[in-house]
Amino acid sequence: AQSVTQLDSHVSVSEGTPVLLRCNYSSSYSPSLFWYVQHPNKGLQLLLKYTSAATLVKGINGFEAEFKKSETSFHLTKPSAHMSDAAEYFCVVSDRNFNKFYFGSGTKLNVKP
Amino acid sequence: DAGITQSPRHKVTETGTPVTLRCHQTENHRYMYWYRQDPGHGLRLIHYSYGVKDTDKGEVSDGYSVSRSKTEDFLLTLESATSSQTSVYFCAISESTDRGEQFFGPGTRLTVL
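Source: prediction; values computed, not measured.

The next subject is the interface of chain B and chain A. The interface is formed by 22 residues belonging to chain B together with 24 residues belonging to chain A. Of the roughly 1,800 Å² buried between chain B and chain A, counting both surfaces, carbon and sulfur atoms make up 53%. A salt bridge links Lys49 of chain A to Glu101 of chain B; the nearest nitrogen and oxygen atoms lie 2.9 Å apart. At the boundary of chain B with chain A, the tally comes to three residue pairs in polar contact (both at pLDDT 80 or more). When residues of the side of chain B that touches chain A are traced back to their parent elements, those giving at least two are strand E4 (31–38), strand E5 (42–51), strand E9 (87–94) and strand E10 (102–104) of chain B. Split into classes, the residues belonging to the side of chain B that touches chain A amount to eight nonpolar, nine polar and five charged.

All names here are of chain B. The topology assignment puts Tyr50 in strand E5. Residue Tyr50 is classed as partly exposed on the basis of its relative accessible area of 31%. Expressed as a C-alpha distance, the spacing of Tyr50 and Pro8, which sit 42 residues apart in the sequence, is 23 Å. Beyond its immediate stretch of four places on either side in the chain, Tyr50 contacts Arg30, Tyr31, Thr55, Asp56 and Arg68.

Residues and elements named next belong to chain B. Of all the eight residues making up E9, eight are buried; the element is thus mostly covered by neighbouring parts of the structure. Neither face of E9 is open: one carries Ser87, Tyr89, Cys91 and Ile93, the other Val88, Phe90, Ala92 and Ser94, and all of them are buried. As judged from the three bridges shared by E9 and strand E11 (residues 108–112), these two strands associate in the antiparallel manner. Paired with Ser87 across the strands is Leu110, a residue of E11.

The subject of this paragraph is the environment of Cys91 of chain B. All names here are of chain B. Note on placement: Cys91 falls in strand E9. On the accessibility criterion, Cys91 (0% relative accessible area) is buried. Considering only alpha carbons, one finds Cys91 and Gln25, 66 residues apart in sequence, at a separation of 9.6 Å.

Parameters at a glance
- Residues numbered from 1 in each chain as written.
- Chains lettered and ligands numbered in written order.
- Predicted model: local features only at pLDDT ≥ 70, side-chain atom pairs only at ≥ 80, totals over all residues.
- Heavy atoms only, no water.
- Contact = heavy atoms within 4.5 Å.
- Buried area = accessible area lost by both parts, 1.4 Å probe.
- Salt bridge = Lys/Arg side-chain N within 4 Å of Asp/Glu carboxyl O.
- Polar contact = N/O pair within 3.5 Å; in protein donor to acceptor, adjacent residues only side chain to side chain.
- Helix = DSSP H or I, 4+ residues; strand = E, 2+ residues; numbered from the N terminus.
- Nonpolar A, V, L, I, M, F, W, Y, C, P; charged D, E, K, R; others polar.
- Buried < 20%, exposed > 50% of the residue type's maximum accessible area, 1.4 Å probe, protein only.
- Pairing = 2+ DSSP bridges.

That is the geometry; function is a separate question.
Shown next, in the form of structure tokens:
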């Protein structure tokens with residue numbers, strides 16, 4: 001069965017410093033993987049997705065993630081945090097047929113001035 | 001933005017009353033989903049639909065039913081609401097040809113007293 005583990009429920013960084021949000025997945029096939037962002041009292045927006053092409057995926061707002069099959073990881077990074085990055089981030093894995101999805105429990109990112 | 005609307009956006013109801021939430025899309029996507037979001041749990045799949053009149057259960061389907069009589073509409077019904085169903089409900093759509101990218105509605109905040 002598929003599952004997703006987000007290793008940190010809260011991450012706090014200072015503005016201008018790097019961001020690392022960690023995600024590990026469990027799957028018996030090659031899934032699609034996604035990162036979504038949710039700002040307070042808003043819906044979810046796709047940041048980036050991995051769909052078996054390049055293992056380093058670039059997304060919106062300077063975020064990127066690297067698919068590492070050997071480590072079953074899909075960590076989200078950004079070189080320099082901005083105050084507007086403060087939000088909750090969800091790592092998501094698809095099922096084999098790409099029509100059901102499993103969400104991690106989320107990581108809340110706090111950015112300090 | 002993908003054309004997805006949810007109605008109502010906010011609802012307060014009493015235990016034991018029936019409640020129906022509506023999701024409407026203008027994208028003609030095949031798949032539609034209902035999730036609930038609760039603190040510490042991320043989003044959990046309630047039910048999904050893979051076509052008109054074709055639906056299947058998700059991981060938290062007890063107490064919920066769905067119907068899809070038209071491509072554009074997906075209804076979620078709580079037959080007899082309970083306080084444990086107080087949550088934020090999100091509708092999403094996708095096409096599996098995209099390897100699963102989902103687009104989310106704005107959410108419905110449901111409070112069961």
